Amino acid sequence: MWALHDPAAHARIAAAAILAFALAGCRATVTPTQAVTASGSLVVVAAAAEDGLCRAAAALPDVGSARRDFENVAHAALHELAAAPDLARSLAARVLETMQVVERDIAASASPAVLAPDLDALRSSTEAAIRALGLPASPCLP
Amino acid sequence: MGARSLPGLILIAVAACSWGGIGAGSSAPADLGIVAEVVSYQLVAHQAGRLLVALLTPDNRWLSFGEVGLRFSYLGDGSSAPPAPATHPPATAAFLAIPGTPEGTGRTPTLTLPADGRGVYGAEPITFDTAGYWMASASGTLGDGSLFTAEAAFNVLDHSEIPAVGMSAPRSENAVLGDPGVLASALDSRAAGDQPIPDPELHRTSIASVIARGRPALVVFSTPVYCVSRFCGPVTDLIAELAAAYADRAEFIHVEIYRDFESGIVNPAAADWLLTHSGELREPWTFLIGADGRIGGSWDTVVTRSELEPLLAALPPMQGS
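In this text, all values refer to a predicted model and were calculated from it rather than measured experimentally. (Residues numbered from 1 in each chain as written. Chains lettered and ligands numbered in written order. Predicted model: local features only at pLDDT ≥ 70, side-chain atom pairs only at ≥ 80, totals over all residues.)

Asker: Got a minute to help me understand the overall build of chain B in this structure?
Answerer: In terms of regular secondary structure, chain B is built from six helices and 15 strands. For chain B, whose C-alpha radius of gyration is 21 Å, the value lies close to the compact-globule estimate of 20 Å for 321 residues. In terms of its C-alpha atoms, chain B occupies a principal-axis envelope of roughly 60 × 55 × 45 Å. Across the 321 residues that make up chain B, the buried fraction comes to 45%. By sequence separation, contacts in chain B at least 24 residues apart represent 71% of the contacts at least 6 residues apart. (Helix = DSSP H or I, 4+ residues; strand = E, 2+ residues; numbered from the N terminus. Rg over C-alpha atoms; globule rule 2.2 N^0.38 Å. Buried ≥ 20, exposed ≤ 12 C-beta atoms within 10 Å, placed from the backbone. Contact = placed C-beta atoms within 7 Å.)

Asker: Whenever I open this one, the pairing of strand β1 (residues 35-38) of chain B confuses me. Can you help?
Answerer: Here is the key point about a regular strand: its side chains alternate between the two faces of the sheet. Residue and element names in this part refer to chain B. Going residue by residue along β1, you find Val35 and Glu37 tucked away on one face and Ala36 and Val38 tucked away on the opposite face as well. Bridge count for β1 against strand β2 (residues 49-56) is four bridges, and the pairing is antiparallel. Counterpart to Val35 in the pairing with β2 is Leu56. (Pairing = 2+ DSSP bridges.)

Asker: For this particular structure, what's the right way to read the domain arrangement of chain B?
Answerer: Residues and elements named next belong to chain B. Assigned domains of chain B: these are domain 1 (22-156) and domain 2 (184-313). Inter-centroid distance (C-alpha atoms) of domain 1 to domain 2 is 26 Å. Domain 1 puts 13 residues into the contact, and the matching count from domain 2 is twelve residues. Looking at the side of domain 1 that touches domain 2, the elements with two or more residues in it are β2, β5 (91-97) and β7 (119-126). A per-class count over the side of domain 1 that touches domain 2 returns eight nonpolar, four polar and one charged. (Domains from an automatic or database assignment. Nonpolar A, V, L, I, M, F, W, Y, C, P; charged D, E, K, R; others polar.)

Asker: Help me understand the sheet that holds strand β14 (residues 285-289) of chain B, please; the structure alone is not making it clear to me.
Answerer: For sheets, the rule is that strands pair by backbone hydrogen bonds, running either parallel or antiparallel. Residues and elements named next belong to chain B. An order of β11-β10-β14-β15 is seen for the four strands of this open sheet, with the pairing classed as mixed. The two strands at the open ends of the sheet, each matched to only one other strand, are β11 (251-256) and β15 (295-300). Looking at each pair of strands side by side, their axes are set apart by 15° on average, direction ignored. Two elements, strand β10 (residues 217-222) and β11, share six bridges in a ladder whose sense is parallel. Bridge assignment links Ser222 to a residue of β11, and that residue is Glu256. (Axes fitted to C-alpha atoms, helices over the stretch in contact; angles between N-to-C directions.)

Written out as structure tokens, the structure is:
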């Protein structure tokens with residue numbers, strides 16, 4: 001799923017591993033909501049959410065690949081982001097609502113023409129949440 | 001991602017995982033790095049229950065399919081006193097796929113990416129005789145012969161905080177389609193904006209009504225959009241599928257958790273059933289209510305078609321259905 005000749009691929013793989021460590025390992029002792037309050041861990045979560053959404057958008061028109069990028073990289077991170085205790089519920093709601101639309105598209109095997117704007121909307125709501133938390137939001141790299 | 005500092009990320013992750021205390025799990029041998037998390041919402045001493053364990057790896061893979069072994073040790077009741085002796089025999093936990101994901105029938109435990117397999121391992125029935133904190137040690141063999149072990153702590157309550165099997169079901173007047181002043185999104189969070197309610201057949205009657213009419217009911221409490229557990233949508237979809245297949249055997253009801261998520265307002269019926277004394281409310285929960293108005297079964301977190309379908313099929317056809 002990652003192109004290993006890509007210089008950034010190794011960093012992405014490592015970051016994904018770190019993310020999962022933070023998400024899964026931290027649940028060993030805290031609730032998911034508490035997990036994102038730890039100093040800095042939210043940075044990792046936000047980066048993974050953005051990265052997964054960028055990958056999914058870039059994978060289109062291959063909807064299958066987009067689905068895998070969304071489910072394997074972005075999905076858990078988006079849930080963690082929305083659960084950040086310092087995030088306004090209205091912004092959390094927008095993330096979760098736009099994510100549900102993407103999930104509905106994926107479940108319905110929607111066309112790329114349908115999925116693309118819904119992924120864009122999810123990325124917008126995600127960026128808004130990230131910025132509201134005082135974290136840097138990064139554009140998708142070409 | 002390349003612009004971000006990898007060492008910094010590593011430090012962040014390590015720091016994020018440095019808390020102590022008994023919660024849900026702990027790390028496994030470094031080779032596979034499988035981490036266990038007990039995801040059961042409630043286990044009660046002296047009551048048969050279902051222990052659910054999720055097994056994940058640091059690179060965002062789930063352990064899926066097959067069976068794993070579970071061993072138990074008692075940690076104590078949280079006081080400073082030495083723990084009283086308490087034991088529980090080993091158990092076997094079978095994979096329970098999140099509805100809509102591959103079940104992997106006949107496969108051995110396998111590490112899968114989320115898109116290829118997601119689920120938990122369940123041991124049922126399982127009864128603990130002593131309330132307090134326990135440790136579960138999950139172990140097994142992957143298809144390639146690799147051995148793994150992962151441990152997770154969990155709490156066994158001394159009394160149920162959620163309506164339990166055998167209890168009289170709360171006669172909740174959950175909102176239904178057509179109720180004045182009730183937004184569609186308060187019936188199903190997926191109906192926000194101009195979206196239709198995906199499963200209107202789950203919103204035609206109340207729990208109080210079916211009990212009054214002496215009809216069995218399968219009731220799911222979930223919030224498909226605002227779910228914390230990430231299992232709500234698949235479980236709700238499963239209940240809708242079963243409603244179509246077994247409409248002559250039971251009534252099927254979905255109670256949305258939130259009347260207004262942004263304001264944090266919970267639907268009263270959800271609070272009736274799920275809100276604990278400590279103010280926690282976890283979802284999803286699924287309950288089977290018998291024609292006698294008593295709770296015949298309850299499932300937290302994940303519930304599968306194979307768990308529910310035999311129970312529904314065993315119900316006699318309803319008169320007037």
